[in-house]
Amino acid sequence: MALRSKQEYFDSIRKLKTELYAMGERVDDLSAHPFLQPPLEAIGLVYDMGSMKQHVDAFTAASPFTGGKVSRFVHILQDREDLARRFRIGRFLCHKHGACIGARCVSTGALNSTYAATFDLDRQRGTNYHERFLSYLKYVQENDLAVAGAMMDVKGDRSQSPGAQKDPDSYLRVVEQRPDGIVVRGAKASISGAVIANEIVVLPCTALKPEEKDYAVCFAIPSDTPGLIHVAEAPGANARRFVGDEMDYGNARYGAHGSTHLIFENVFVPRDRVFLCGESAFAGVLVNCFAVLQRLFSTACKIGHRDLLLGAAAVAAEYNGVAQARHIREKLTDFYFQSEMATGCALASIYQARKSPSGVFLPDPLYINIAKLQGVHAIWNGNYVTSDIAGGLVCTPPTAGDFRNEKIGKLLDKYLRGKTDVPAENRVRIMRLVEYLTGQSSVIPAESTHGAGSPQAQRIVIQQYLMRALEQFKKDARVMAGIRDGEGEG
C-alpha cells in the first residue's frame, strides 16, 4: 500500500484500542464522539484530496526509500521546492477545512527533524539510531500513516530546568532501561491530533544539560500503546456539539481542534523504536530542527485561517450593508497587508533554506521566526478587525432552535436582517463563523499564538540574529556619518 483512502484511514482509527477520556468519561468509540468527528473529517479530507488526480503532483512525492509515491506529509524534504510545495498545500487545505490537521500536518516536522538529528548523532557518536529511524520511516511511508508529533512537556515550574523540577515527571523521562527497550513516564500537553493519529513521534522540548540525560529521549509509538492515556481538550464551543444544531457551530463539519493531553504511565517503548536515549547534547539539535519546520507549516495553516477570516469579514460587511464603505475597505486592506507580510517572510525562509548534513532542507531560522511572530500579530489584529466589521451580533446570535420556533422564528428573521434581501439565518451563520474564527468560541487564536512555540521563542531567535548583526550596522552608520572608528563609542 502506498496511498490510503479516507475510508481506509477511518477503518484504521476504528481498530485502535485507545484509552481516551473526554468530559470525565472514558470514550469507547473515537469515531462517534462529537469532539473527534470534526478533526477526523478534516484528516479524511486530506486523504481524499491526496488521491484526486488533479492534486497528485501537489500532494505526493517520489520517495527515495520506498521507490514509490508517498504523501508529502511523510516525505523527507530534499530541496527548496519540497519545502515550497509542502507550504502551499498547508494554506490550500486550510481554505477547505478551516480547522487543524495535526495528525497529518505535524508528520512532516516530526519525521524530518528526527531524520536529520539521528543522522548527525550517528555520524558523531557511531550509534545506529538513523538506521532504526529509516526502518520506521519506510513503515510509515509504505502504509501512509497519520503521524502526530508530541513535543511540548507540561514543564511544571517554568523557572526550573527539567532536572531541577520538584516533580521529576514534569518533563517526560526514561525511568527504566531494559535489554529490549525503555520505560518512560511523564506527560505531553495539548498535542494536536494525537488521539486520531496512527502513530506518535515523541520528542524532547528543550535543550538539556549533561546531567539531564534521562530527559533526552525520542521515540515512536502507536497512539493506542498500553499505558498511554489521552485526555481531550474542552474549549467552550465543543459543548454546543452535545446540545446544539449544525447552524450553531460556525464550522460544523471540521471545526473542532481535537488535541489531547498525553499521560505516559510507565509506557514501554521497544528498542527499535527509540531514536535518542541519553545523548543530551543532541536534544537541542532535534528541538531546533523541529521548531523551524513546524513554524513554517504552522505559518502556512495560519495564513489559510487569515484568508478565511478576511472572507468572513467581507461577507459580514456585505450582509450588514456596509461592504462599500471606505473604512471597511481600509480595514480589510490593512489586515491583508499584515497577513501577507508573514507569507513573504515564510517564502524568504524557504528561499534561504539550508541543506543539513543529512540532506534535509531546513527553513532559514531568522525569517521563519519572523514569519511566525508576524502571523500571530496578524491573527490577533484580524480578530479585532473582523469583530469590529461584523458587529455585536457576533457574540449574541440566537440558536437554530430559536429560528425554528413556531412563534419567534419569523420575528427573528424580520428583526435580525441587515440587508433586506439576505435571510437572517444567513447573517447569523456568517456571525457564527466569525465567532469560531476569531476565537470567541474556538482555540484558533491561542493555538496560533503558542502552536510551534510561543511568541517569546521567536523573539529570542530574532534577537540573537540582531545582536550578531548590530555591531556591523553601527559601524556602517558611523562611517556614513563621517565618524572615525573609536570616537563616541561607549
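Residues numbered from 1 in each chain as written. Predicted model: local features only at pLDDT ≥ 70, side-chain atom pairs only at ≥ 80, totals over all residues. Heavy atoms only, no water.

A. Molecular detail of the overall build of the chain. Assigned secondary structure in the chain consists of 15 helices and 14 strands. A compact globule built from 490 residues would reach a C-alpha radius of gyration of about 23 Å, and the chain, at 24 Å, matches this within 12%. Sorting the 490 residues of the chain into buried and exposed places 55% on the buried side. Contacts in the chain between residues at least 24 apart in sequence constitute 76% of all its contacts with a sequence separation of at least 6. Taken as a whole, the chain presents about 21,200 Å² of accessible surface, with 53% of it coming from carbon and sulfur. (Helix = DSSP H or I, 4+ residues; strand = E, 2+ residues; numbered from the N terminus. Rg over C-alpha atoms; globule rule 2.2 N^0.38 Å. Buried < 20%, exposed > 50% of the residue type's maximum accessible area, 1.4 Å probe, protein only. Contact = heavy atoms within 4.5 Å. Areas by Shrake-Rupley, 256 points an atom, 1.4 Å probe, with all protein chains shown as cover.)

B. Structural context of the pattern of salt bridges. The full count for this structure, using the stated rule, is 25 salt bridges. Of the charged contacts, one joins Arg417 and Asp413 as a salt bridge, the two residues approaching to 2.9 Å between their closest N and O atoms. You can call Asp413 partly exposed: its relative accessible area is 24%. Three or more residues are tied together by salt bridges with common partners; here these are Lys6, Glu41 and Arg253. (Salt bridge = Lys/Arg side-chain N within 4 Å of Asp/Glu carboxyl O.)

C. Structural view of helix H1 (residues 6–14). Within the sequence span of H1, burial applies to Lys6, Tyr9, Phe10, Ser12 and Ile13. Looking down the long axis of H1, one finds its buried residues gathered within 160° of arc, a one-sided arrangement. (Arc of directions from axis to C-beta.)

D. Spatial organisation of the sheet that holds strand S12 (residues 274–277). Taken together, four strands build an open sheet; the order of strands is S5-S8-S9-S12 and the sheet is mixed. With partners counted over all chains shown, the strands left at the sheet margins are strand S5 (147–150) and S12, one partner each. This sheet shows a mean twist of 20° between the axes of neighbouring strands, independent of strand direction. With three bridges connecting them, strand S9 (residues 217–222) and S12 associate as antiparallel partners. Bridged to Val217 within S12 is Cys277. Along the sheet, helix H5 (residues 102–125) makes contact with S5, strand S8 (199–202), S9 and S12, crossing S5 at roughly 65°. (Pairing = 2+ DSSP bridges. Axes fitted to C-alpha atoms, helices over the stretch in contact; angles between N-to-C directions.)

E. Up close: the sheet that holds strand S6 (residues 173–178). The mixed open sheet is built from six strands, whose spatial order is S2-S1-S10-S11-S7-S6. At either end of the open sheet lies a strand with only one pairing partner, and these are strand S2 (25–27) and S6. Along the sheet, successive strands turn relative to each other by an average axial angle of 20°, direction set aside.

F. Representation of the pairing of strand S7 (residues 181–191) in the model. The element S7 is extensively covered by neighbouring structure, given that nine of its eleven residues are classed as buried. With antiparallel pairing between neighbouring strands as the criterion, S6 and S7 make up a hairpin whose turn holds two residues. Pairing of S7 with strand S11 (residues 260–270), which is carried by eight bridges, proceeds in the antiparallel orientation. Residue pairing across strands places Gly181 opposite Pro270, the latter belonging to S11.

G. Just the pairing of S8, in detail. Here S8 shows a buried face lined by Glu199 and Val201 and a second buried face lined by Ile200 and Val202. For S5 and S8, the ladder comprises four bridges, and the chain directions are parallel. Residue Gly149 lies in a different strand from S8, and its bridge partner there is Val201. Relative to S9, S8 runs antiparallel, the two sharing four bridges. For Val201, the partnering residue across the bridge sits in S9 and is Ala220.

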